[in-house]
Amino acid sequence: MCKKNGQQMNAFTHAMKQLRTAADVLDLDENIYEILKRPQRIHEVAIPVRSKEGKITNYRGYRVQYNNARGAYKGGIRFHPMVDLDEVKALSFWMAIKCAVVDIPYGGAKGGVQVDPRTLSLDELEQLARGYVSALFLEIGPKIDIPAPDINTNPQIMGWMMDQYSRMRGYANPGSFTGKPVEVGGLRERDAATGRGGFILLEHLRKKLDKKPEEMRIAIQGFGNVGAQFAFLAYDAGYKIVGLSDAEGAIIATKDGASINPYEVRMASERGGLNKVYCYGGVCRTLEFTQATNTALLTMDCDVLVPAAIENQLTVENAAMVQAHIILELANGPTTPKADAIFLERGITVVPDVLANAGGVVVSYFEWLQNIQNTSFDDGVCDKRLAKIMINAFEAMHEQQQAYAVSMRTAAFILAIKRISAAMEGRGWV
Ligand code: NAD
C-alpha cells in the first residue's frame, strides 16, 4: 500500500472500483462478479537470506494467483520495499485483465518481495531469488504459473529462478520463467517488449491524429527497463522527449524544439551510479535542460505523458494540472480512479495500463511458446507478431468504447471481462 500525503492509496481498492465500473456498464451476471472480485489463491512465504557476516534476514514474499479461466497464471515478480499483499492482489488482477485484452491464453498472477534490493550484495540477491522459488516451488511451473520480471528484477534474476526451479525438478525447464537471458531460452526482443508495445500504440494514435512525430512532445516518468526502452524507440522515430525522470528526480527541456537524448542519459547514468537521470540533469544544467522534481514532470507542458514508474502517481491532487492530451500508462496502476474521472471529464485520452503495457506479457508468451516447443523463433518474427496483437487489441477495445460510450480503460475492462466470463462459462464455473 502506498501512502501519499497522509492518504492511503490502496491499489486493490482502486482495481475493484475499475471492475465495478465495467461490471455496472455491462450489467454483469452477479455470479461472475462474485468470482472476479477475489483472487483464487494467495501465497505468503518467508525467504531467509544469510549475509557474509552470518546474519539472517527473513524477507516476506507473495504470489497471488488471481484467475486461470483462460490458461496458466502469468505475471511478474517485483522486489521493492513498498510491496504488500493488496498491491500484489491488484497487480495480479490487472494481469488477468491484460492477458484477456490482448487475447493470449493466460490467466493473471503477480509476485513480490518486500525488500530494497539496493541494500543486498549480489550473493544475497541470488539467495533471495532462489529462495523465492524454493518457497513456491509446488505452486509454479510452465503449466501452472509462469513468472517474469517487474520492478527491480531482470533477466539475470529470472535466470537464477529458472535454474532453481530446474534443479528442484531435476531437468532443465526453461518454460518455467520468462524474461530470461537469451542464452538460456530467453528472447532477444523481451527486454524492449513492454516499451515497444507502448510505442506501437503511440504510433497508431499519432497516425489517427494525422501528426508527425516531431510535432509530439513526450514526458516520461521512470527511466528503468520500460521507460528507457520506450524512450529509445520514440527518440529514434523523431518524437521530442521533453521530460525524463527516475526515483531521484527529473530533467526537463527548457529550449523550444529540444529533445533529451535518452542514449546520452543512459551513458551518463552508467557513469553516475544510482543517481541516474538526476545526475544527467547535473551534467546538462547549463545547456538546454534543467533539473526538476517528479511532481513538476507530471504536470509539465507536453503532448504525451508516459508514467513508467510505479502506482498512484496521477491523483486527485495533480490531475487537474496535467497538461498532456494523451496519457500512455506504461506503469501498472499509475492513475487513481478519481484522477481517471477528472481526465475523462477534461477530454484527456488515457491509454490504460492493461493495454498500453501488455507488450511485455505478449513477448513473454512467445518466449514460453519457444521454450515448451523446444524451438527458437527467427529474428524479427516476434516484433511483427507483437505489432499485430497490440493493434488488434486496440481496435477491439475501441469497438467496445464506441458501443458503450465509455473511457478506454472501462472499454478494455469490458473486453477482458467478456472474454474471461466466456471462458468461465465454457468451463462450467458459473
Ligand atoms: P524498473 O525497476 O526497471 O524501473 C523503474 C523506474 O522507475 C526506475 O527508473 C526508477 O528510478 C523509477 N522510479 C521508481 N520510483 C519512482 C518515483 N517515485 N518517481 C519516479 N520514478 C520512480 O521497472 P520496470 O520494469 O521498468 O517497470 C516500470 C513499471 O512498468 C512498473 O509499474 C511495472 O509494473 C510496469 N511494467 C513492467 C513490465 C516489464 O516488462 N518490466 C511489464 C508491464 C508493466
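Residues numbered from 1 in each chain as written. Predicted model: local features only at pLDDT ≥ 70, side-chain atom pairs only at ≥ 80, totals over all residues. Heavy atoms only, no water.

**Student:** For this particular structure, what's the right way to read the pairing of strand 8 (residues 217-221)?
**Tutor:** Regular strands place side chains that alternate from one sheet face to the opposite one. Among the five residues of strand 8, four are classified as buried, and the element is accordingly described as predominantly covered. Taking the sense of rotation as the criterion, the β-α-β connection linking strand 8, helix 7 (residues 225-236) and strand 9 (residues 240-246) turns out right-handed. For strand 8 and strand 12 (residues 304-307), the ladder comprises four bridges, and the chain directions are parallel. Of the residues in strand 12, the one forming a bridge with Ile 218 is Val 304. (Buried < 20%, exposed > 50% of the residue type's maximum accessible area, 1.4 Å probe, protein only. Helix = DSSP H or I, 4+ residues; strand = E, 2+ residues; numbered from the N terminus. Right-handed = clockwise from strand over helix to strand, strands pointing away. Pairing = 2+ DSSP bridges.)

**Student:** Is there a simple way to explain helix 5 (residues 155-169) in this structure?
**Tutor:** One turn of an α-helix holds 3.6 residues; hence residues three or four places apart share an orientation. With 15 residues, helix 5 extends 21 Å between its outermost C-alpha atoms, agreeing within 8% with the 21 Å of an ideal straight helix rising 1.5 Å per residue. Those residues of helix 5 that are buried lie in contact with strand 5 (73-80), helix 4 (122-136) and strand 7 (145-149). Gly 170 lies just past helix 5 and shows a positive phi near 100°. (Expected span 1.5 Å × (residues − 1). Contact = heavy atoms within 4.5 Å.)

**Student:** Looking at this structure, how should I read the pattern of salt bridges?
**Tutor:** Two side chains with opposite charge may pair up if their charged atoms get near one another. Going through the model one piece at a time under the given rule, you end up with 26 salt bridges. The residue Arg 188 makes a salt bridge to Glu 189 at a minimum N-O spacing of 3.4 Å. On the accessibility criterion, Arg 188 (53% relative accessible area) is exposed. With relative accessibility at 7%, the residue Glu 189 sits in the buried group. In this structure, the salt-bridge partner of Glu 329 is Arg 409, at a minimum N-O distance of 2.8 Å. Of this pair, Glu 329 sits in the loop between strand 13 (326-328) and helix 11 (337-346) while Arg 409 sits in helix 15 (residues 408-426), and the two are 80 residues apart along the sequence. Across the pair, Arg 409 and Glu 329 agree in class, each one buried. Residues joined in a network through salt bridges with shared partners are Arg 78, Glu 87, Lys 110, Asp 150 and Glu 311. (Salt bridge = Lys/Arg side-chain N within 4 Å of Asp/Glu carboxyl O.)

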